[in-house]
Amino acid sequence: MKIHEYQAKEILRKYGVPTPRGTPCFSVEEAVSAARKLGGKVWVVKAQIHAGGRGKGGGVKLAKSIDEVRDWAGKILGMQLITHQTGPKGQKVRGC
């Protein structure tokens, strides 16, 4: 089954399983808006592709300010993410 992390969390929440808060974003401005809405002081910007190893491939970043959310989302969205599961061509990141 190929589903993104945010889709899996939606299914788990439907059955009462506690999951970390998050919002799928498909543009830099959506990511900034989501961070502001979620609140807090630290956010994780994650590439949403159908593959494991996103962190090792550079697709998971910790942001400690809204400006860092903007910067990381801008770098991650549209990147060709290569992990041990994508093969050498990687996958284009369309959501974070």
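Note that the structure is predicted; figures quoted are calculated from it, not measured. (Residues numbered from 1 in each chain as written. Predicted model: local features only at pLDDT ≥ 70, side-chain atom pairs only at ≥ 80, totals over all residues. Heavy atoms only, no water.)

Between helix α2 (residues 28-38) and helix α3 (residues 66-76), the shortest axis-to-axis distance is 9 Å and the interhelical angle comes to 145°. Handedness of the crossing formed by α2 with α3: right-handed. For the pair formed by α2 and α3, the contact residues are V28, E29, A31, V32, A35 and R36 on the first element and I66, V69, R70, A73 and G74 on the second. Residues belonging to the contact of α2 with α3 are distributed by class as follows: seven nonpolar, one polar and three charged. (Axes fitted to C-alpha atoms, helices over the stretch in contact; angles between N-to-C directions. Helix = DSSP H or I, 4+ residues; strand = E, 2+ residues; numbered from the N terminus. Left-handed = near helix turned anticlockwise from the far one by under 90°. Contact = heavy atoms within 4.5 Å. Nonpolar A, V, L, I, M, F, W, Y, C, P; charged D, E, K, R; others polar.)

This next bit is on the nonpolar core. Formed by 19 residues in total, the largest nonpolar core has its most connected members in A31, V45, V69, A73, I76, V93 and C96. The residues touching A31, leaving out its near neighbours within four places in the chain, are C25, V69, A73 and C96. (Core = buried A, V, L, I, M, F, W, Y, C linked by side-chain atoms within 4.5 Å. Buried < 20%, exposed > 50% of the residue type's maximum accessible area, 1.4 Å probe, protein only.)

This part takes up the pattern of salt bridges. This model, assessed by the stated rule, comprises four salt bridges. One salt bridge in this structure joins E5 and R54, with 2.7 Å as the shortest N-O distance. Pair noted here: E5 is in helix α1 (residues 5-14) and R54 is in the loop between β1 (43-46) and β2 (60-63), with a separation of 49 residues, a long-range link. What makes R54 buried here is its relative accessible area of 17%. Salt-bridge contacts for R70 lead to D67; the nearest nitrogen and oxygen are separated by 3.0 Å. Within this pair, R70 and its partner D67 are both found in helix α3, separated by three residues, close to a single helical turn. On the basis of relative accessible area, R70 is assigned to the partly exposed category, the value being 28%. Since its relative accessible area comes to 51%, D67 is described here as exposed. Salt bridges sharing partners connect three or more residues here, namely E5, K9, K46 and R54. (Salt bridge = Lys/Arg side-chain N within 4 Å of Asp/Glu carboxyl O.)

Time to look at the environment of A35. Among the secondary structure elements, A35 is positioned in helix α2. Residue class for A35 comes out buried when judged on its relative accessible area of 4%. A sequence separation of 10 residues divides A35 from V45, and the C-alpha atoms of the two residues are 9.5 Å apart. In this structure A35 touches W43, I66 and V69, once residues within four positions along its chain are discounted.

Taken together, the side chains of M1, I3, I11, L12, Y15 and V17 define a hydrophobic patch exposed on the protein surface, amounting to about 670 Å² of accessible area. Secondary-structure assignment places Y15 in the loop between α1 and α2. Residue Y15 is classed as exposed on the basis of its relative accessible area, which comes to 65%. (Patch = residues over 30% accessible without salt bridge, like charges linked within 9 Å, V, L, I, M, F, W, Y side chains within 5 Å. Areas by Shrake-Rupley, 256 points an atom, 1.4 Å probe, with all protein chains shown as cover.)

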